[in-house]
Amino acid sequence: MAAAVTASSLLYQQTELESALLETGATGDKNELVLRYLKEADTRRLELLVPEFTEGLQWLNTEGPLSLHKDLSGKVVVLDFFTYCCINCMHLLPDLHALEQQYSDQDGLLVVGVHSAKFPNEKVLDNIKSAVLRYNITHPVVNDAEATLWQELEISCWPTLVILGPHGNLLFSLVGEGNKERLFLFTSLALKYYSDKEEITSEKIATKLYRDSLPPSTLHFPGKVTLDHSGNRLVIADTGNHRILVAQKNGQILQAIGGPKKGWKDGSFSESAFNSPQGVAMKDNIIYVADTENHLIRKIDLEAEVVSTVAGIGKQGSDNEGGAQGDQQPISSPWDLTIGPSFEGNQDCVLWIAMAGTHQIWAMLLEDGSLPKQSSLPKGTCVRFAGSGNEENRNNSYPHKAGFAQPSGLSVSSGEPWNCLFVADSESSTVRTVSLKDGAVKHLVGGERDPMNLFAFGDVDGNGINAKLQHPLGVAWDKKRNLLYIADSYNHKVKVVDPKTKICATLAGTGIAGNATDTFNEPGGLCVGHHDGLLYVADTNNHQIKVLDLETKTVSVLPVMKPEAFDVVDHPMPPRLQKTRGPQLPKSTHSILLSPLTVSPGQTLNFSLELLLPAGSELTEGAPSFWLLTAEGHEWLLQGQNTTGEIESLSAPPMISLVMPPSCPTPAATLSIGACLYYCSHDTSICLMKAVSFTQPLNVAHAAQAGPAQLQLSHTF
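Because the structure is a prediction, the values reported are computed rather than measured.

**Some remarks on the packing of aromatic side chains**
Next up, step 1: Tallied over the entire structure, the rule returns 13 aromatic pairs.
Next up, step 2: Summarising the aromatic geometry, the rings of phenylalanine 81 and tryptophan 150 are spaced 6.5 Å apart at their centres and angled 70 degrees between planes, so their arrangement reads as edge-to-face. Of this pair, phenylalanine 81 sits in strand E2 (residues 76-82) while tryptophan 150 is found in helix H5 (residues 148-152), placing the two residues 69 residues apart along the sequence. Tryptophan 150 carries the same exposure label as phenylalanine 81, and that label is buried.
Next up, step 3: Linked through ring pairs, Tyr84, Phe119, Phe455, Phe457 and Tyr490 together constitute an aromatic cluster.
Next up, step 4: A cation over an aromatic ring shows up here: lysine 118 above the ring of phenylalanine 455, its NZ or CZ 5.0 Å from the ring centre.
Next up, step 5: One Lys or Arg, lysine 546, reaches over the ring of phenylalanine 520 and ends 5.4 Å from the middle of that ring.

**Points about the pairing of strand E45 (residues 709-716)**
Next up, step 1: Burial of the side chains of E45 is restricted to one face: Ala709, Leu711, Leu713 and His715 are buried, whereas none of Gln710, Gln712, Ser714 and Thr716 on the reverse face is.
Next up, step 2: The sheet contact formed by strand E38 (residues 604-612) and E45 spans 8 bridges and is parallel. Within E45, the residue paired with leucine 605 across the bridge is alanine 709.

**Things to note about the sheet that holds strand E18 (residues 350-355)**
Next up, step 1: Spatially, the 5 strands line up as an open sheet ordered E16-E22-E19-E18-E17, and their pairing is antiparallel. Strands with a single pairing partner mark the edges of an open sheet, and in this sheet they are strand E16 (322-325) and strand E17 (334-340). Strand-to-strand, the axes of this sheet are offset by a mean angle of 25 degrees, without reference to chain direction.
Next up, step 2: Here E18 pairs with strand E19 (residues 360-365) via 6 bridges, running antiparallel. Looking at E19, one finds that alanine 354 is bridged to isoleucine 361.

**With respect to the layout of surface pockets**
Next up, step 1: Space inside the second largest pocket adds up to approximately 860 Å³.
Next up, step 2: Thr226, His229, Thr338, Val412 and His530 are the residues nearest the centre of the second largest pocket, which is lined by 41 residues in total.
Next up, step 3: Every element with two or more residues in the lining of the second largest pocket is listed here: strand E7 (225-227), strand E12 (277-283), E17, strand E23 (407-413), strand E28 (474-478) and strand E32 (525-529).
Next up, step 4: For the lining of the second largest pocket, a count of residues per class yields 18 nonpolar, 16 polar and 7 charged.

**A word on helix H2 (residues 27-42)**
Next up, step 1: Between the first and last C-alpha of H2 there are 22 Å, a value that for 16 residues agrees with the 22 Å anticipated at 1.5 Å per step.
Next up, step 2: Those residues of H2 that fall on the buried side of the exposure criterion are Lys30, Leu33, Val34, Leu35, Tyr37, Leu38, Ala41 and Asp42.

**Some thoughts on the environment of tyrosine 103**
Next up, step 1: Turning to its location among the elements, tyrosine 103 is positioned in the loop between helix H3 (87-102) and strand E3 (109-115).
Next up, step 2: A sequence separation of 548 residues divides tyrosine 103 from serine 651, and the C-alpha atoms of the two residues are 48 Å apart.
Next up, step 3: Sequence-distant contacts of tyrosine 103, defined by excluding residues within four places in its chain, comprise Leu109, Ser188 and Leu191.
Next up, step 4: Engagement of the side chain of tyrosine 103 in a polar contact is seen with the side chain of glutamine 102, the distance being 3.2 Å.

**Some points on the nonpolar core**
Next up, step 1: Of all hydrophobic cores here, the largest spans 51 residues; its most connected members are Leu17, Val34, Leu38, Val78, Phe172, Leu183 and Phe186.
Next up, step 2: Per-element tally for this core: the top contributor is helix H6 (residues 180-196), with 9 residues.
Next up, step 3: Filtering out sequence-adjacent residues up to four positions away, valine 78 remains in contact with Leu96, Leu99, Leu109, Leu110, Val111, Val112, Leu161, Val162, Ile163, Leu183 and Thr187.
Next up, step 4: With 35 residues, the next largest nonpolar core counts Trp636, Met660, Ala675 and Phe694 among its residues.

**A look at the side chain of asparagine 169**
Next up, step 1: Residue position: asparagine 169 is located in the loop between strand E5 (160-164) and strand E6 (170-175).
Next up, step 2: The exposure class assigned to asparagine 169 is buried, which follows from its relative accessible area of 0%.
Next up, step 3: Among the polar contacts listed, one links the side chain of asparagine 169 to the backbone nitrogen of histidine 167, at a separation of 3.2 Å.
Next up, step 4: Each residue touching asparagine 169, except ones within four places of it in the same chain, is listed here: Asp42, Arg45, Leu48, Leu49, Ile163, Leu164 and Tyr194.

**Remarks on the pattern of salt bridges**
Next up, step 1: Counted by the stated rule, this structure contains 26 salt bridges.
Next up, step 2: Its salt-bridge partner being aspartate 42, residue arginine 45 comes within 2.9 Å of it at the nearest N-O pair. The residues arginine 45 and aspartate 42 share a single accessibility class, namely buried.
Next up, step 3: Residues lysine 192 and aspartate 196 are paired through a salt bridge, measuring 3.0 Å at the closest nitrogen-oxygen approach. You can see lysine 192 and its partner aspartate 196 sitting in helix H6, 4 residues apart, about one turn around the helix.
Next up, step 4: Connected via shared salt-bridge partners are Asp459, Asp461, Asp488, Lys493 and Lys495.

**What to know about the sheet that holds E3**
Next up, step 1: Across the sheet, which stays open at both edges, the 6 strands sit in the order E1-E4-E3-E2-E5-E6 with mixed pairing between neighbours. Edge positions in the sheet fall to strand E1 (58-60) and E6, since each of these pairs with one other strand and no more. Across the sheet, the mean angle separating the axes of adjacent strands is 20 degrees when strand polarity is ignored.
Next up, step 2: Strand direction decides the pairing type here: E3 and strand E4 (residues 141-143), joined by 3 bridges, are parallel. Paired with valine 114 across the bridge in E4 is valine 142.
Next up, step 3: Each of E2, E3 and E5 is contacted by H3, which is oriented at about 165 degrees to E2, the strand it contacts most.
Next up, step 4: Relative to E1, helix H4 (residues 125-134) is tilted by about 20 degrees, and along the sheet it contacts E1, E3 and E4.

**Some details on the pairing of E19**
Next up, step 1: Taking burial as the measure, the 6 residues of E19 include 6 buried ones, the bulk of the element.
Next up, step 2: The side-chain alternation of E19 yields two buried faces, one formed by Gln360, Trp362 and Met364 and the other by Ile361, Ala363 and Leu365.
Next up, step 3: Between E18 and the antiparallel strand that follows it, E19, lie 4 residues; histidine 359 among them carries a positive phi value of about 60 degrees.
Next up, step 4: Examined bridge by bridge, E19 and strand E22 (residues 381-386) share 4 bridges and lie antiparallel to one another. Paired with methionine 364 across the bridge in E22 is cysteine 382.

Basis of the calculations
Residues numbered from 1 in each chain as written. Predicted model: local features only at pLDDT ≥ 70, side-chain atom pairs only at ≥ 80, totals over all residues. Heavy atoms only, no water. Phe/Tyr/Trp six-rings, centres within 6.5 Å; stacked < 30°, edge-to-face > 60°. Helix = DSSP H or I, 4+ residues; strand = E, 2+ residues; numbered from the N terminus. Buried < 20%, exposed > 50% of the residue type's maximum accessible area, 1.4 Å probe, protein only. Lys NZ or Arg CZ within 6 Å of the ring centre and 35° of its normal. Pairing = 2+ DSSP bridges. Axes fitted to C-alpha atoms, helices over the stretch in contact; angles between N-to-C directions. 1 Å grid on protein atoms, 1.4 Å probe; cavity = no way out; pocket = protein on both sides within 12 Å on 5 of 7 lines; lining within 4 Å. Points joined across faces, edges and corners; volume = space filled by probe spheres on them. Nonpolar A, V, L, I, M, F, W, Y, C, P; charged D, E, K, R; others polar. Expected span 1.5 Å × (residues − 1). Contact = heavy atoms within 4.5 Å. Polar contact = N/O pair within 3.5 Å; in protein donor to acceptor, adjacent residues only side chain to side chain. Core = buried A, V, L, I, M, F, W, Y, C linked by side-chain atoms within 4.5 Å. Salt bridge = Lys/Arg side-chain N within 4 Å of Asp/Glu carboxyl O.

Function cannot be inferred from these measures alone, as they are strictly geometric.
Put into structure tokens, the structure is as follows:
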């Protein structure tokens, strides 16, 4: 506990140091001040020893647990205390990445992420793994689930950086984001100071990146989804692949824009680049994109096939007011978008923005217009609409006095009775409304009344403030049913709210993260298909788009595939979602004609499907692979029979049984046994859907009933 006892006095000295640094302009003078401070801190190294990492903690990106006083001895260590939901923690990652690019462990520097969870969901190692992948964290990360080291070092907020000397001795602490200059100053001089004393080692730390063990997937952490007005085209923010996909509703990719590498580049679809895009909104043939980690709003013109930048300057802004033309206006981590009316009621002329980085709701004028309590604004203006910029759960009739906490989801209901924006306010675990008439911000469900309490979360169905959510990231308004759907991300659920009664209830999901068809893993966005009664959900950590039938309440996986790997070209929905006809095999199914088989009335036919995938391939987990029996022209064969079933594994051949009717109206019939498989190739990193159909002619012999017939059907894809 030595560090906890003496840390406060050291931090007091650091405060004096930082005050002196502010008054000093010359680099040499700054260096001298820091070196003088280091010498003083080094004389107290025994008092300032940081406690060892607790035994039994879970580690990522390493070959095993690390010891602070053994493995990291001889290193200047930067401890990054973070929680993965926190937007400020995300803002810090580029600074740490730049530091790691300049200094490696062989130079004597090591960054260690200390994950200290805010939400219970964030204590689970698998969820932290997903966050490490999403944010491309390559340094060691320890899951300090009970915040032991956090308490030992008296950390008070996220993010906090603690810089240690090569003996595990406390040197500096940096609280919050925006400290890149001092981070580089303190670490570079600490490396120089201890190198001059020959106390730095160049030994390499054994790492093992979690991302290197992952199977291929078409999607990588999809964040948001939207549909065009016709309901025929689905737009997917394929966040982890840094691209936008436009697909048919059956999952066939029509256009891929950007990716797979992150960047900021305008131009043609093939040369354009994004950086972890999230929100997408569509008007006619224009898609607007919240290019989150570029701090930009991008515009995709599907007709001209050109990408341009319409808001932001390419680096994080701190402006809480706005008012400039979009391409001159700095913005901060836009997370979601929706298109709606202006104050005058002109439809689809405002791009509403959930500005997570400044905890506000912003607007960009797509046409000349005005906003509540503001004068007329020219087209292209990007301006704050609601939110003070303080991170809090504060409702207010005056929009600029209200407070949000990392708003991450938006949906609009234009016209009476609601005429508002619905906001998924993730860090307060609430859903709020913002009036499009006067800007008033009101509570809908979740959270609690104390505007400063951002820890009122849970998983409770109920009314208004009695309902509890956990870090919701998405909302979608169903204008046909007058209901609001919520991606209750950290509860791994989709919930539904009636705004009239404020009753919030679970619609789908078990509350436990999973990758089965009817479970979710941190869903991040959703949208309603008003024409077909389907809810499309970006199941982020499962790397899938799932489809919830709002009538039957059944969930299916949408097979998102490249055109050259997609066989179904005319189905409006994936096979499992056909409501009337049932599953259908694609037109390009491979057909195999079998030799005629003599059967007797009442006889049982047992078919064993020996289906082999190409080497290096495996079934896509959760995708709707199935078998199917048909008998065109001889439907009497299938009366009372089970004609379809799921194929979840090929480790044992799927078995299909058919009992011949006791009375056969014709002496001959034809049975078809089909199978449709969704699988991914590890070698080519693409996912495919392929099908095979076996045609089995049957000759009916009206003799004594024979015993069961065992038939093996084989095919290699």
